Every structure is written in C-alpha cells, then in structure tokens.
Amino acid sequence: MSTVTYTIRRISEIIHARPSVTNESLIISRLVIDSRSMIDPENSLFFALSAKRDGHEYIPDAYAHGIRNFVISRTEFLADQKAGDYADANFLLVDDVLKALQELAVFNRRQYDTPVMAITGSNGKTIVKEWLYQLLAADFNIVRSPRSFNSQIGVPLSVWDLTEEHTLAIFEAGISKGEEMDALAAIIYPTVGILTNVGEAHAEGFSSQKEKLLEKLKLFKEADVFIYSPEYTQGIPKKDLPGNTKFSWSLTESADLQISFIEPIDDKNYIRAIFKGEEIECLIPFSDRASVENGIICWATLLSMGYSPEDADSRLEKLNRVGMRLELKHGINQCSVIDDSYSADISSLAIALDFLNLQNQHPKKTLILSDLYETGRKDEELYTEIAALLKQKQINRLIGVGPNISASASQFKLESSFYSSTQDFIDQFPAIHFNDETILLKGARRFEFERISKLITQKTHDTVLEIDLNALSGNLQFYRSKLKPGVKIMAMVKAFSYGSGSFEIANVLQYHKVDYLAVAFTDEGVALRKGGITMPIMVMSPEPSAFEAIVRYKLEPEIYNTDILNKFLNFLSDTEQQYPVHIKIDTGMHRLGFEEIDIPDLLMALNSNQKIRVQSSFSHLVGSEDIMHDEFTRHQLSRFTAMADTIREGLGYDFIRHISNTSGISRHPDAQLDMVRIGIGMYGYDGGIAQSKGLQPVAILKTTITQIKHIKPNETIGYGRKGILPEGGTTATVKIGYADGYDRRFGHGVGKMLIKGALVPTVGVICMDMCMLDVTGLDVQNGDEVIVFNGQLSIADLAQQIGTIPYEILTNISQRVKRVYFYE
Ligand SMILES: *Cc1c(COP(=O)(O)O)cnc(C)c1O
C-alpha cells in the first residue's frame, strides 16, 4: 500500500482551489476525466477538462454514476449546489482544470525517488515503452502509461499512478506543438531519457526540424542518462545534448553501440554491433524496419543499464508484438467480438471495458479473461479489484481462463464459468453457448487467445474495411471547434454511415453527444434503434408503408411535400401526442422540399390540427464546397431564412433551422444557424478544404495477394485477353473485384494499389471477385497485404482516377466486405 494518501482537502491545497467541500477527509485514490471510467466512484476525482467536449457537460452523468468529487472552472455548479442539487458533492474550483491536473501530478512525482524513464520521438514511442516493459517486468515493479497516453492529459494521469510500491516508471511523452514539453518535463521529471525515431510525423506545428528536436529534448533537461542516435540529433553539438551520461547507438557512425551488420532471417533480424570494443549480437524477432530500430533502442537501453550482452540478447529474442488497437469484429451467433489479446493488465482492461460499453448493440456483455500478472500484487487483492471493476462496468458474464482466476472464482458475483487453460476452453467449446452478446477477449500473451478468437469470430474473406473510431471522433471535434456556441450537430449516418458501418458508428456519435442522427430510410433507423441508439433520429425518405415502424421506433420523418404531410397526418389521426417532424424546404436543389408558394397550404395543414410539431426546418446547399457557387449559396441561405421566418410566424413557435453540410461548416460560418448537418467530413474528406487538411482518414480498405504469376512476353491476362505485359513480368492476383465495390473503371492500369509502400497498377479488366496487379520487379509473396486506399492513397485519389467523387468510392464498398473497428 502506498503511504502517501491524498485527502480532498490536501488536493485542494496542492492545486490552489477554492473548495466547496462537504467531506474534507475523504480519500481520493483515482483521477478520472471520463464519466464512464469508474472503478471506484466514491474515491474518484473527476476533472472537468475541455478536451473533445467541455467536461463540465459530463458532470451530471458522472454524478449519476456515483462520482462526488469534481475539479471545475465553471461556477454555476456552486450555485446549483446552493440551490440543493449535488448536495453531497465536493467541488474544487480552479481557473484552469488542466493546469490543476498537471500540478497534482507534479506534486505526486516529487514524493518518490523512483527511477523514471521518459520516451519521446516522432515514431515508436508506445512500442519502445511496451517493449521495455516486457524486457524489464521480471526485475522491477513497473508503472507505465497505458497505451499511448502521451498527451498533456494522459501524462499527468499516468504519473498519478506512481506509488511507493513501484521500483521503475516508464512514461512516454508526445507533443504536437512547441512549448508543451516544459509542462511534461516538470510532470515526468525523468532520470533516463530515450529518444526514438525523429521523422516527419507531427511536424506541422513546428517551424523547423531543429526546433522540433530542441523542443523534444527539453523533456530530458534534468535527466541523468540520455539514450539516443546521433543520426537524429544532427546539428546539435554533443555538449548541448542532455544527460550527465550519454549512450549513443548508430547504424552509420561511431557510437557506444555501433551496429555493424543486419541480416534478415525468415521473419526475424539478426544484428551484430560493436560495444566496448567487442563484437556482440542479438536477434530481433521481427522483420520490418521500424521494429528493428525500436529493438535496437531497447537493446541500447538494456546495455546502458548494465545488463550483459548475453542477457540482453536472450530477453530481446522473446519480444512480443504490441497490439496498439482494439478490434471490433463480427462474431458467431450474432455476437460482436472485441479482440484485445495483446496486453493484459488492469489499466488496459479498464480501457477495453470502456470500449465494450461504448457498443450497445447486444443485450449481453461477456468478458473472456485469462490470469493477469501484475508484479508485486497478491492474487486475492487483484481479483477483488477486477470483480469490482466488472460490477462497475455492468458486465453480465465472465469466462475465466487459467488456474489463478479459477481459484478466485468465488470473488465474482455474476454469471461465470472457469477453465484451467486455453486448451481446456477449446476442448469444451462445443458445449459453451454464445448468442447475441458483445464479447471482450482479453488475455495475457502466454494464453494464446488468438486460438479462441479464431473460434468465435466469423471468417472474413480477406478484404476488410478498417474503421478508425478515434479518427472519426477527431474529425467530429475538428468541425465542432468551428461551430459557434450553442450550434447543434446532426450527424448523417445514411447509407451505412457512408459505408463505414451502422450502430458501431452511431454508438460513438451518441457517446460524443451529437444532437441528432439522420438516415435515408426507415429500415436504417430501425436498425439503429435495435443497436441501442436512443438519441433522436431523422428519416429523410419516410415511405408511407413504414409510418407504423417510424412511430413504433420513435423516428422523426422529414416532410417534404403536402402529399406526404397529409398521409402522415392521416396516419396519426387517432393518436393524442404531437409528433415531431422536420420540414424540408427547397431553396435551389430542386429535389425534395416545399417551395415558397406551398407555404400557405403547409401552414394551414399544420395549424388545423395539433398532431404534428415542427421540430426543425431545413434546406440543403448545392455547392457549398465551391467558390464558384458562393453567391448561390448566399442566395439559398437568405431564401431559406426568409421562408423559415414565415413558417415560424405562421406557427407561433420556434424550431431548429439548419442548412449547412460538411463544406458549409468549413466554408460558410454564417450558414450555421441553429444546427449543422455533418456527413462526409466525419469520414475524413471535405471538398471545401484543400487536401482535406486537418482531417484524419477514417477508413482503410485492405486486401491480400492470393497468387503470384510469372507472365511471358505477349501472354495475356484476364477476361477478353485485355491485359498484356509486353516485356513479360509478374502479376499478383488480389481478392477484390467489382462485386466488392472496386469499380470496373479501375482496370487497365487506371487503378493503383499499395504493396509494401510501392504503388502498383492493375492489369487487364477487373473481375467480379478479384483483379490482377502488375508487381514486376517487386519482392512480394502470397498473403502479403495490399492497400486499396488509406491515408497515403486516399479516396480522393481513387475518385480522381475514375472521374467520380469520394462519396461514391466509400458508399460503393459492398456489404460483403467485413468492417473491422478500431479504438485506441
Ligand atoms: C447527405 C446529406 C448531408 C451531408 O452532406 P455532406 O456533404 O456529406 O456533409 C447533409 N444534408 C442532407 C440533406 C444530406 O442528404
């Protein structure tokens, strides 16, 4: 147990808060920034940070979940408390909530003289951190940042976890703009500094490479030891580098660890180096370049700590791949499976459980969990904590695998079953029932849970569309930051969220508290309701045959002419309630919508009975992305507001007005009105922003090579003998065709794909389920991954190749291509 305890009073002093506290001696054990992450709500302190959203908005939710302690900067909560709300809560009022969190971390760090390693660089930080953890966990009780918690917020949260029991800390720090590193340096206060690969990533916020590097090195200014490669510190004299002791490694120049030889052997790399005048060697069990470099950095770290070359080698050989992301896949028997069998400790378990709770599509939540290994903790204490966590996160079912968790079976008060080993589970699998559940699979490496994953996930054909849910949230935030205060957001999730998914996406948007969802057809709305979506949903084409479903599932129809209005009124004739609808106005698209001359009839129908309430009125811009149409856009806007005013006067009440789509938000701030409708921008493309700068690609379409063929000169390839390699060469057949949405127009070299970073053209025509690529001169094999599009080869590039728009590229991807969702 830690001897340092923080009472709410003590914390209040440390962060210089003006407290409004009902229980001064209450002990705080956890800091939280997310109203969902609650292991121990009574002893948690919630920081109302303005990250993606203003954290103050989550206070009611956090309070409802049992949290009673809050650090805030908005005073109205104190007034609410005086008025009787939050009577038993403790509020600590500060000017800047983030700064308060950081001050608390700085204070905690100074309580211990534990060695602290800090890792920074552009690439590889998380891998190096996780690998050092793997390499050193046998000798130290290590606290480390969970996943890539390397920000101004993640770092203080990680440093708070440092207690007296720990004998080593490993934290990573990332910065996206200058001047941030000073704050992180004070919080981490490292004794050992490790610089990873310094590349181009995140270069935008900096004026030059050197400025970026100097900024990163600020992290280490008080460090005792500095581990680095001179290749990344060029231009800075050695005497200006941090650290009393420096340990360098290099592939090209003389260094403490000077690499002399690298040879790939199967999927490993054998490396030799000169160290203290002797030749030493090691085997890194990975084939890719980045892993080799990260492995060398870990090698250098072990040697600098005094491990013998033999010991270092035998440890490095056993490194495991680090799973960076959680994957959501389709499972057997209508289940969804979250696959996280890479890291198994309690903090990553909490994160994975949050992801589980973000997905509401199944009534039941099941966890398959192996024994966990947390150095320095008794099993009893560990499994008691896990049991509390499962209760907190409302898990319905536990399947425990391993002798230790099985021995603690009595701790768990939920539906549970236990197996002594992974093999035992697999042997009994035919008798274990899974149906309509979200299953989280979480196991320590040695349990090889990928064998369980194979049993419970559906076989995917090898073409998958990967959806990055963090990027989606980031893009939403990008547009949110452009909105004036109070402007609402309707998220367009029609056409399977532009091809990206259905409730999987909607659940994330619901969590981020967008105000409305919109779908094209009733069926799409019904599917969302069945997937656990409770927020308002607008249906843009409400066919009369579906009115019953609309009302049953509380969907809100778009009313676009008098005919559909009358039919809907008729349908509602024996209900009492005022049903919410959305009135579509035609201001120039000439597709659907009421025109000016229809307004008197519309008002008459609406006013003559009280069955309907106008929730919103809207119109649609026809060219918001294009400067050429800006005048017409302004015309549409003024026409719309004038018509909306007439309707408002005629009805005698107010409603939400909206006209802007994605490019409207980025290009026409005056068109925000009361709400905006964001579509393709969420998915990473905006026709109104050059190269969609500032947006992150959300979808990556991948396939694999099924066969390699060597083609002689003048032989033909594919249907109709259309493909030809005049000089002969090599083709790769890949598993994607026009039935997957890879348009036939991509044939004959028009379309290109990426293999190992190289752009290769199609050859011949595109077949239904396959196509052929010219890979002449490349070293490729069966099973190699092929990128159809990603951040580098974008949907905008593909659209340009075949003369269409990115919208069509996305929505064409057929439903048989499995979607896999990622979350970090
Ligand atoms: C699809 C759609 C949008 C979203 O357009 P984006 O350009 O993808 O942002 C907005 N409004 C309506 C009515 C739509 O049908």
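Before reading further, recall that the structure is shown in the block above.
On a predicted model such as this, the values are computed, not experimentally measured, just so you know.

## A closer look at the pattern of salt bridges
Turning to step 1, where the next piece is worked out: A complete count under the given rule lists 39 salt bridges for this structure.
Turning to step 2, where the next piece is worked out: A salt bridge links Arg 397 to Glu 415; its shortest N-O distance comes to 3.6 Å. Residue Arg 397 is found in strand E20 (residues 397-401), and its partner Glu 415 is found in strand E21 (residues 415-419); the two are separated by 18 residues along the sequence.
Turning to step 3, where the next piece is worked out: Residue classification places Arg 397 among the buried residues on the basis of a relative accessible area of 7%.
Turning to step 4, where the next piece is worked out: The partner of Arg 816 in a salt bridge is Asp 740, with the nearest N and O atoms 2.6 Å apart. A residue pair is termed long-range when its members are at least 10 positions apart, and Arg 816 in the loop between helix H26 (806-812) and strand E40 (818-823) and Asp 740 in the loop between strand E35 (729-734) and strand E36 (752-755) qualify at 76 residues.
Turning to step 5, where the next piece is worked out: The exposure class assigned to Arg 816 is partly exposed, which follows from its relative accessible area of 34%.
Turning to step 6, where the next piece is worked out: A single salt-bridge network, built from bridges that share partners, covers Arg 9, Arg 10, Glu 13 and Glu 24.

## Quick word on the side chain of Thr 233
Turning to step 1, where the next piece is worked out: Here Thr 233 lies in the loop between strand E12 (225-228) and strand E13 (245-250).
Turning to step 2, where the next piece is worked out: Judged by relative accessible area, Thr 233 falls into the buried class, the value being 4%.
Turning to step 3, where the next piece is worked out: Each residue touching Thr 233, except ones within four places of it in the same chain, is listed here: Leu 195, Leu 213, Tyr 228 and Leu 241.

## A word on the site of the ligand
Turning to step 1, where the next piece is worked out: The full set of residues close to the ligand is Met 492, Lys 494, Tyr 498, Met 540, His 620, Asn 661, Thr 662, Arg 677, Gly 679, Ile 680 and Tyr 807.
Turning to step 2, where the next piece is worked out: Taking Lys 494, its side chain carries an N or O atom lying 2.6 Å from an oxygen atom of the ligand.
Turning to step 3, where the next piece is worked out: A distance of 2.8 Å is found between a nitrogen atom of the ligand and a side-chain nitrogen or oxygen belonging to Arg 677.
Turning to step 4, where the next piece is worked out: When the ligand is considered free in solution it has 390 Å² of accessible area, and contact with the protein chains removes 94% of it.
Turning to step 5, where the next piece is worked out: For the shell around the ligand, the class distribution of residues is five nonpolar, four polar and two charged.

## Here's the deal with helix H16 (residues 469-480)
Turning to step 1, where the next piece is worked out: For H16, built from twelve residues, the straight-helix expectation of 16 Å at 1.5 Å per residue is met to within 8% by its first-to-last C-alpha distance of 16 Å.
Turning to step 2, where the next piece is worked out: For H16, the tally of buried residues reaches ten of twelve residues, placing the bulk of the element in the interior.
Turning to step 3, where the next piece is worked out: Along H16, the residues classified as buried are Leu 469, Ala 471, Leu 472, Ser 473, Gly 474, Asn 475, Leu 476, Phe 478, Tyr 479 and Arg 480.
Turning to step 4, where the next piece is worked out: If you check the start of H16, you find a side-chain oxygen 2.9 Å away from the backbone N of Asn 470, and it comes from Asp 468.

## Description of the sheet that holds strand E11 (residues 192-195)
Turning to step 1, where the next piece is worked out: The strand order across the open sheet formed by nine strands is E9-E10-E8-E11-E12-E13-E14-E15-E16, and the pairing between neighbours is mixed. In this open sheet, the two strands that pair with only one neighbour each are strand E9 (142-144) and strand E16 (278-284). Ignoring strand direction, the axes of neighbouring strands in this sheet form an average angle of 20 degrees.
Turning to step 2, where the next piece is worked out: Bridge count for E11 against E12 is three bridges, and the pairing is parallel. Across the sheet, the residue bridging to Gly 193 is Phe 226, located in E12.

## Quick look at the packing of aromatic side chains
Turning to step 1, where the next piece is worked out: Overall, the coordinates contain 27 aromatic pairs when judged by the stated rule.
Turning to step 2, where the next piece is worked out: With a centroid separation of 6.1 Å and 40 degrees between ring planes, the pair formed by Tyr 498 and Tyr 807 is classed as tilted. In this pair, Tyr 498 sits in helix H17 (residues 494-499) while Tyr 807 sits in helix H26, placing the two residues 309 residues apart along the sequence.
Turning to step 3, where the next piece is worked out: Ring geometry for Phe 547 and Phe 568: centres 4.9 Å apart, planes at 65 degrees, overall edge-to-face. Remark: Phe 568 occurs in helix H21 (residues 562-571) and Phe 547 occurs in helix H20 (residues 547-552); sequence separation between them is 21 residues.
Turning to step 4, where the next piece is worked out: Take Phe 547: its relative accessible area is 2%, and that puts it in the buried class.

Reading the values: rules and limits
- Residue positions within a chain follow its written sequence, with the count starting from 1.
- It should be noted that, the model being predicted, local features are given only for residues of pLDDT at least 70 and side-chain atom pairs only at 80 or more, the latter also being counted only at that level, while totals for whole chains, interfaces and linings use all residues.
- Hydrogen atoms and water are omitted, and side-chain values are computed over all heavy atoms in the structure.
- We define a salt bridge as a side-chain nitrogen of Lys or Arg found within 4 Å of a carboxyl oxygen belonging to Asp or Glu.
- The helix and strand labels rest on DSSP assignments: H or I over at least four residues marks a helix, E over at least two residues marks a strand, and numbering proceeds from the N terminus.
- We call a residue buried when its accessible area falls under 20% of the maximum for its residue type, exposed when it is over 50%, and partly exposed in between, using a 1.4 Å probe and counting protein chains only.
- Two residues form a contact once any of their heavy atoms are found within 4.5 Å.
- Nearness here has a simple test: a residue counts as near a molecule or strand if at least one of its heavy atoms is within 4 Å of that partner.
- Think of a polar contact as two N or O atoms within 3.5 Å of one another; within protein, one of them needs to be a possible hydrogen donor and the other a possible acceptor, and neighboring residues in sequence only count if both atoms come from side chains.
- Here the open area of atoms and residues is found with the Shrake-Rupley method and a 1.4 Å probe, where only the protein chains shown may cover a residue.
- Polar here means any residue other than Ala, Val, Leu, Ile, Met, Phe, Trp, Tyr, Cys and Pro, which are nonpolar, and Asp, Glu, Lys and Arg, which are charged; Gly is therefore polar.
- By this rule the span expected of a helix is its residue count minus one, scaled by 1.5 Å.
- Between any two strands, at least two bridges found by DSSP are needed for them to pair.
- Lines fitted to C-alpha atoms define the axes here, with helix axes fitted over just the stretch in contact, and angles between the N-to-C directions of these axes take values from 0 to 180 degrees.
- For Phe, Tyr and Trp, rings pair up if their centres lie within 6.5 Å, where Trp contributes its six-membered ring, and each pair is then called stacked (planes under 30 degrees apart), edge-to-face (over 60) or tilted (otherwise).

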